[in-house]
Amino acid sequence: MVRYDSLTGLPNRTYFSDLVQEALAERKKPGTVGFMVLDVDDFKHVNDMKGHVTGDRLLCAITERLRRLASDKMIVGHLMGDEFIVFFPNETNRRDLETRMHRFHEQLRGNYEFDGMTFLVSFSAGCVTVPSGDFRLEEMQIRADLALFETKSRAKGSVTVFEQEMDERYTDRQKLKDDLRDALASNTLSVAYQPMFVPDGSSIECCEALSRWTHPERGPVPPTVFIQIAEEMGIVSDITRFMVMRACADCATWPAHMGVSVNLSVQDLRGTSIIDLVAEALEAAKLAPHRLHLEVTESCLMEEPVKVQAILQELRARGITIAIDDFGTGYSSLSYLDQLPLDVIKIDRSFVRNIGEDPRRFKLLRGTVNLSRELGLRIVVEGVETREQLALINKYQCADLVQGYVFAAPMSPDALRDLYETLARKPGDSRRRGRRVA
């Protein structure tokens, strides 16, 4: 019981380490050895959908295949949960060993059948090779974990061999995490706004608030980088709080017909605190609820759709405008149009790309627009970059609002103020100033 995992019957980490040391001590000549960490892809989904008993049965089935593939040539252990570890003790050169590791990984994936059920299972893996005399399990596991992180980030379901650059990237990323935490604590993030125009470009009805971080040494850090890091750290809701409070305060200084749109993370919708945050921000800014738009993506809806739906319904009941962002990039978007309390659909830029040259793509855009309008949704077309794209969109009345570089890139609050004041001075604007955001 001390040596073996009670579920799989495989050596636990401590006994696995003992077995590896014995194998190294028995070697008659030096050579290259390897270590691999295997993680079952989407195992949580099995537990959530089929139950933990089925999840345990799957782990046992995986164990049996591991044992069969390893035979007496490798040492296999169970690390924790859905993670397994493998030691490759008897290779003489790195190239042959890496080939063997890739083949082992490939043979492990595939269908697993039991109790009348079939599961197609893939594994993300990280591995490391080292001269046998230099093997230290603690150090090897750190390196294999870094390689596993690379696999999950870049090519889930594959295997990555550790390279020294990964250690440097990991150290750099950890430093960036510390710096981001400091930036949040010192309130040094900023906000840029990208306007959403009426299709003829004559006025702005809403602006999307975009978080920005200028690092004191690195300069501007892309949002795709620091938002992902914030999600890994579990502090993305701190960024959301900053954005909602700041966006509402800024919007309160804009003309009454303009609204502001803020993106929500999947972590923001795991509890009801977002409702309290929105109420606090609106009260502090004295902003009418309909002027705040909250954007959610399909990824926000997949984990706990019933809970997310209830939160969005509560927000909408309070007068908040709800939009689905990047529509069309997922697999089940059409069902969300019917199930969720939505007001606005933001059609992803991928629908707009090449619409002038690709009639099929343009038909897809028009079909999506027609369906959305039948459901009473307002339509924002994102990523409009050229006058040709804009002309087609306007000719076939595909948008209520247009967002993209054809009109304006994201800009500072001061630049936005200059822009809407310039538009307001143009002739014939009295009707537009009275227009109210949806």
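Above this text is the structure in question.
Everything numeric here is computed off the predicted structure, so don't read it as measured data.

A. Molecular detail of the overall build of the protein. In terms of regular secondary structure, the protein is built from 16 helices and 16 strands. For the protein, the proportion of contacts with a sequence separation of at least 24, taken over those separated by at least 6, is 68%. Carbon and sulfur atoms make up 49% of the accessible area of the protein, which totals about 21800 Å².

B. Expanded view of the packing of aromatic side chains. Inspection of every chain in the model, using the stated rule, returns 10 aromatic pairs. Here the aromatic rings of Tyr-4 and Tyr-15 are separated by 5.3 Å at their centres, their planes lie at 65°, and the arrangement is edge-to-face. Taken as a pair, Tyr-4 in the segment before helix 1 (13-25) and Tyr-15 in helix 1 lie far apart in primary sequence, 11 residues in all. Overall, Tyr-4 belongs to the partly exposed group, its relative accessible area being 40%. The interplanar angle of 40° and the centroid separation of 4.8 Å between the aromatic rings of Phe-197 and Phe-407 together place this pair among those described as tilted. Note that Phe-197 is positioned in strand 8 (residues 190-197) and Phe-407 in the loop between strand 16 (401-403) and helix 15 (413-424), a separation of 210 residues in sequence. Looking at Phe-197, the relative accessible area reads 3%, which means it is buried. Pairwise contacts between aromatic rings join Phe-16, Phe-35, Phe-87 and Phe-135 into one cluster.

C. View of the pattern of salt bridges. For the coordinates displayed, the defined rule picks out 28 salt bridges. The salt bridge involving Asp-179 is made with Lys-175; its shortest N-O contact spans 2.9 Å. In this pair, Asp-179 and Lys-175 both sit in helix 6 (residues 164-185), 4 residues apart, roughly one turn of the helix. Glu-295 is the partner of Lys-346 in a salt bridge, and the nearest nitrogen-oxygen pair spans 2.8 Å. With Lys-346 in strand 14 (residues 344-347) and Glu-295 in strand 12 (residues 292-296), this residue pair connects regions lying 51 residues apart in the sequence. Of the two residues, Lys-346 and Glu-295, neither departs from the other in class, the shared state being buried. Through salt bridges with shared partners, a single network forms among Glu-208, Glu-295, Lys-346 and Glu-382.

D. Highlighting the state of the cysteines. Enumeration over the complete set of coordinates arrives at 0 disulfides. Between Cys-206, a free cysteine, and Cys-207, which holds the nearest cysteine sulfur, the sulfur-to-sulfur gap is 6.4 Å. Free cysteine: Cys-251, not disulfide-bonded; nearest cysteine sulfur from Cys-248 at 7.2 Å. Judged by relative accessible area, Cys-251 falls into the buried class, the value being 0%.

E. Spotlight on helix 13 (residues 359-374). Here helix 13 is 16 residues long and its end C-alpha atoms lie 22 Å apart, about the 22 Å a rise of 1.5 Å per residue gives. Listed as buried for helix 13 are Phe-362, Leu-365, Thr-368, Val-369 and Ser-372. For helix 13, the arc enclosing every buried residue in end-on projection is 125°, short of the 170-degree limit, so these residues lie on one face. Facing away from the buried side of helix 13 by over 90 degrees, the exposed positions are Pro-359, Arg-360, Lys-363, Leu-364 and Glu-374.

F. The arrangement of the environment of Phe-162 in detail. Looking at the element boundaries, Phe-162 is found in the loop between strand 7 (159-161) and helix 6. Remark: the alpha-carbon pair of Phe-162 and Arg-143, spanning 19 residues in sequence, is separated by 6.2 Å. Excluding its chain neighbours within four sequence positions, the residues that come into contact with Phe-162 are Arg-94, Cys-127, Val-128, Arg-143, Leu-146, Ala-147 and Asp-167.

G. Local environment of the pairing of strand 5 (residues 117-121). Bridging between strand 4 (residues 110-114) and strand 5 involves 5 bridges; their strand directions are antiparallel. Looking across to strand 5, one finds that Glu-113 is bridged to Thr-118. The hairpin turn running from strand 4 into strand 5, its antiparallel successor, is 2 residues long, and Asp-115 in that turn takes a positive phi close to 50°.

H. Inspection of the packing of helix 3 (residues 52-70) against helix 4 (residues 94-108) at higher detail. Contact pair helix 3 / helix 4: the axes reach a minimum separation of 10 Å and the direction vectors enclose 145°. Crossing handedness for the pair helix 3 and helix 4: right-handed. Contact residues: helix 3 offers Ile-62, Arg-65, Leu-66, Leu-69 and Ala-70, while helix 4 offers Phe-104, Gln-107 and Leu-108. Its residues assigned to classes, the contact of helix 3 with helix 4 comprises 6 nonpolar, 1 polar and 1 charged.

I. The arrangement of the packing of helix 1 against helix 5 (residues 137-154) in detail. The contact between helix 1 and helix 5 brings their axes to 11 Å, and the two run at 115°. Relative to helix 5, helix 1 is oriented roughly perpendicular. Where helix 1 approaches helix 5, its residues Arg-13, Phe-16 and Ser-17 are matched on the opposing element by Leu-137, Glu-138 and Gln-141.

About the thresholds
Residues numbered from 1 in each chain as written. Predicted model: local features only at pLDDT ≥ 70, side-chain atom pairs only at ≥ 80, totals over all residues. Heavy atoms only, no water. Helix = DSSP H or I, 4+ residues; strand = E, 2+ residues; numbered from the N terminus. Contact = heavy atoms within 4.5 Å. Areas by Shrake-Rupley, 256 points an atom, 1.4 Å probe, with all protein chains shown as cover. Phe/Tyr/Trp six-rings, centres within 6.5 Å; stacked < 30°, edge-to-face > 60°. Buried < 20%, exposed > 50% of the residue type's maximum accessible area, 1.4 Å probe, protein only. Salt bridge = Lys/Arg side-chain N within 4 Å of Asp/Glu carboxyl O. Disulfide = S-S within 2.5 Å. Expected span 1.5 Å × (residues − 1). Arc of directions from axis to C-beta. Pairing = 2+ DSSP bridges. Axes fitted to C-alpha atoms, helices over the stretch in contact; angles between N-to-C directions. Left-handed = near helix turned anticlockwise from the far one by under 90°. Nonpolar A, V, L, I, M, F, W, Y, C, P; charged D, E, K, R; others polar. Parallel < 35°, antiparallel > 145°, perpendicular 65-115°, else oblique.

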